[in-house]
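# What the coordinates show
Listed below, chain by chain, are the residues.
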Amino acid sequence: MPEYSKTILITGGAGFIGSHVVRLFVTKYPQYHIVNLDALTYAGNLANLKDIEASPNYSFERGDITDEARMTALFAQYTFDGVIHLAAESHVDRSIMDPLAFVRTNVLGTANLLQTASTAWKNNLQEKLFYHVSTDEVYGSLGDTGFFTEETPYDPRSPYSASKASSDHFVMAWYHTYGLPVILSNCSNNYGSNHFPEKLIPLMINNIINSKPLPVYGKGANVRDWLYVEDHARAIDTIFHKGKTGEKYNIGGFNEWKNIDIVYLLCGMMDKKLGRPAGTSAELITFVKDRAGHDLRYAIDATRLNKELGWTPSLQFEEGLEKTVDWYLSHQDWVREVTSGDYQNYYKEQYSKR
Ligand code: NAD
Ligand code: DAU
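Residues numbered from 1 in each chain as written. Chains lettered and ligands numbered in written order. Predicted model: local features only at pLDDT ≥ 70, side-chain atom pairs only at ≥ 80, totals over all residues. Heavy atoms only, no water.

## Some remarks on the nonpolar core
Our working definition: Buried Ala, Val, Leu, Ile, Met, Phe, Trp, Tyr and Cys residues that are joined via side-chain atoms within 4.5 Å together make up what is termed a nonpolar core. The classification of residues rests on relative accessible area computed with a 1.4 Å probe and restricted to protein chains. Under 20% of the type maximum is buried, over 50% is exposed, and intermediate values are partly exposed. Numbering goes from the N terminus for both helices and strands, where a helix is a DSSP run of H or I of at least four residues and a strand is a run of E of at least two. Residue contacts are defined here by distance: any two heavy atoms, one from each residue, within 4.5 Å place the two residues in contact.
Ranked by internal contacts, the top residues of the largest apolar core, which has 36 residues, are Ile-201, Ile-205, Leu-214, Leu-266 and Phe-317. Those elements that provide at least two residues to this core are α6 (200-209), β8 (214-217), β9 (223-228), α8 (259-273), β12 (285-288), α10 (317-330), α11 (332-339) and α12 (342-351). Tallying contributions element by element places α8 first for this core, with seven residues. Filtering out sequence-adjacent residues up to four positions away, Phe-317 remains in contact with Tyr-191, Ile-201, Trp-226, Asn-255, Trp-257, Ile-262 and Leu-265. Tyr-58, Ile-183, Ile-236 and Leu-309 belong to the second largest nonpolar core, which has 30 residues in total.

## Here's the deal with the site of ligand 1
Stated precisely, the cut-off is as follows: Throughout, the term near means that a residue has one or more heavy atoms lying within 4 Å of the molecule or strand in question. Each polar contact in these results corresponds to two N or O atoms within 3.5 Å; when the atoms are within protein, one needs to be able to donate a hydrogen and the other to accept it, and residues that are neighboring in sequence are counted only if both atoms are side-chain atoms. All accessible areas in this document rest on Shrake-Rupley with a 1.4 Å probe, and a residue is counted as covered only by the protein chains that are shown. Classification convention: Asp, Glu, Lys, Arg as charged; Ala, Val, Leu, Ile, Met, Phe, Trp, Tyr, Cys, Pro as nonpolar; all other residues, Gly among them, as polar.
The immediate surroundings of ligand 1 are formed by 28 residues, with Ile-17, Asp-38, Ser-90, Tyr-160 and Lys-164 found nearest. Here Gly-15 contributes a backbone N or O atom positioned 3.0 Å from an oxygen atom of ligand 1. A distance of 3.0 Å separates an oxygen atom of ligand 1 from a polar atom in the backbone of Thr-41. Expressed as a share of its isolated accessible area of 840 Å², the protein-covered part of ligand 1 is 96%. Ranked by residue count, the leading element in the shell around ligand 1 is strand β5 (residues 129-135), at three residues. Residue composition of the shell around ligand 1, grouped by class: 13 nonpolar, twelve polar and three charged.

## A few points about the side chain of Asp-295
Take Asp-295: it is sitting in the loop between β12 and α9 (303-309). Residue Asp-295 is classed as buried on the basis of its relative accessible area of 4%. Not counting residues up to four positions away in its chain, the partners in contact with Asp-295 are Gly-140, Ser-141, Arg-157, Asn-222 and Arg-224.

## Focus: the sheet that holds strand β2 (residues 32-38)
Strand pairing in a sheet relies on backbone hydrogen bonds. The paired strands run either parallel or antiparallel. Stated precisely, the cut-off is as follows: DSSP-based pairing: two strands are paired if at least 2 bridges between them are found. Note on geometry: axes are C-alpha line fits, over the in-contact stretch for helices, and angles between N-to-C directions span 0 to 180 degrees.
One open sheet holds the seven strands; their spatial order is β3-β2-β1-β4-β5-β6-β10, and the pairing between them is parallel. The open sheet has two free edges, formed respectively by β3 (58-62) and β10 (248-251), since each of these has just one partner strand. With direction set aside, neighbouring strand axes in the sheet form an average angle of 20 degrees. Looking at chain direction, strand β1 (residues 6-11) and β2 are connected through six bridges and run parallel.

## Points about the site of ligand 2
Near ligand 2 lie 24 residues; those nearest to it are Thr-135, Asp-136, Tyr-160, Arg-291 and Tyr-351. Separating an oxygen atom of ligand 2 from a side-chain N or O atom of Tyr-160 is a distance of 2.6 Å. Within the side chain of His-294, an N or O atom sits 2.7 Å from an oxygen atom of ligand 2. Protein burial of ligand 2: of its 690 Å² of free accessible surface, 95% is covered by the chains. Residue assignment for the shell around ligand 2 shows that the elements contributing at least two residues are α3 (92-97) and β8. Tallying contributions element by element places β8 first for the shell around ligand 2, with three residues. Its residues assigned to classes, the shell around ligand 2 comprises nine nonpolar, eight polar and seven charged.

## Focus: the sheet that holds strand β11 (residues 256-258)
What the three strands build is an open sheet, ordered β7-β9-β11; its pairing is mixed. A strand with exactly one partner marks an edge of an open sheet, and here the two such strands are β7 (189-191) and β11. For this sheet, the mean inter-axis angle between neighbouring strands, taken without regard to orientation, is 50 degrees. Note that β9 and β11 share three bridges and pair antiparallel. When the sheet's bridge partners are listed, Arg-224 is paired in β11 with Trp-257. The sheet strands contacting α8 are β9 and β11, and the helix crosses β11 at an angle near 85 degrees.

Keep in mind these values describe shape, not function.
Written out as structure tokens, the structure reads:
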């Protein structure tokens, strides 16, 4: 094995955001050894990393972050300098169906990883870094105005956001109690390639392609702040290398959209690309029963990250959305693979009674 300047563990690297983070680190830092630990749940897919899987500075390890013995063995096998922790159950609707799965992975899994890292690193803790990737949903729901800052009190409202909020608190507990060097970031909604089609944008793209109903929850008036996934990966890179230990950073796109407006934008864009008469896809829009406890609006103030570390989003939403749609149109094999089998059962359970 060549000499590497750092060995970094990335958890959840086979998922949507994780795969973009792994790709960025493997290609930008050939001097680092990147170890991707992933349980390969329904959301994890090694096909997301086909282009870099043969890179000499990349290793994949299958494992579950809740498995104490497996995590201890992993930290004995590799001498990690840092952890970037993304592994999680990530879909709000699934957290409403099966909340305890979110407690297990997001709360117990994160605490287990913190404990394993601080035990393995006890002799040189100060040289290490545990970076926890979290969400803006921990802050709760905004009204029509205002933004989430790093000082906004936590007010999670779904089992998913409560489990992420809890994991954030455990990360800070390990910092204050055991002196583990940690950094946290809380990001808004991501979109881009390799996004599992249970989430709004890839689900709508897939349904438009297949001329299936487009299920908009409630009146479609809920607002999200969208960020291109590669910009999130760049922010994680910036924060991992330049962020201050013990700090948290908000990451956002300064890009608020009502759900219904995104669906109309996609319909118009895709009618053109698919050679359908204007208005064809919009006829598929179906307003369905609202999500329970549906947060009205998220909006991130990412001033700290911009002013202190110099990060800004690189893409305009329309440009990013067009790249995303093109990716799905040219990766129908990927979509077919992830929507076969279990996805069909999930889809039926989630949408047939709405
Ligand atoms: P994802 O669901 O696409 O991927 C999660 C990955 O974690 C999958 O590869 C899965 O196999 C793996 N995983 C799940 N349980 C595991 C376990 N017990 N052990 C090991 N691996 C496990 O999620 P994502 O959208 O890429 O989100 C990644 C992280 O970023 C999450 O922590 C999420 O909370 C956070 N986040 C997501 C968004 C977003 O818009 N998607 C925004 C902000 C923050
Ligand atoms: O804000 C960051 C969070 O964004 C991440 O932490 C989560 O992991 C990620 O899943 C995402 O959560 P949301 O609940 O905001 O994303 P989702 O794509 O599920 O939904 C976006 C909006 O679209 C939300 O208001 C619900 C609505 N929606 C969603 C689906 C799947 C619909 O109207 N119809 C749908 O079928």
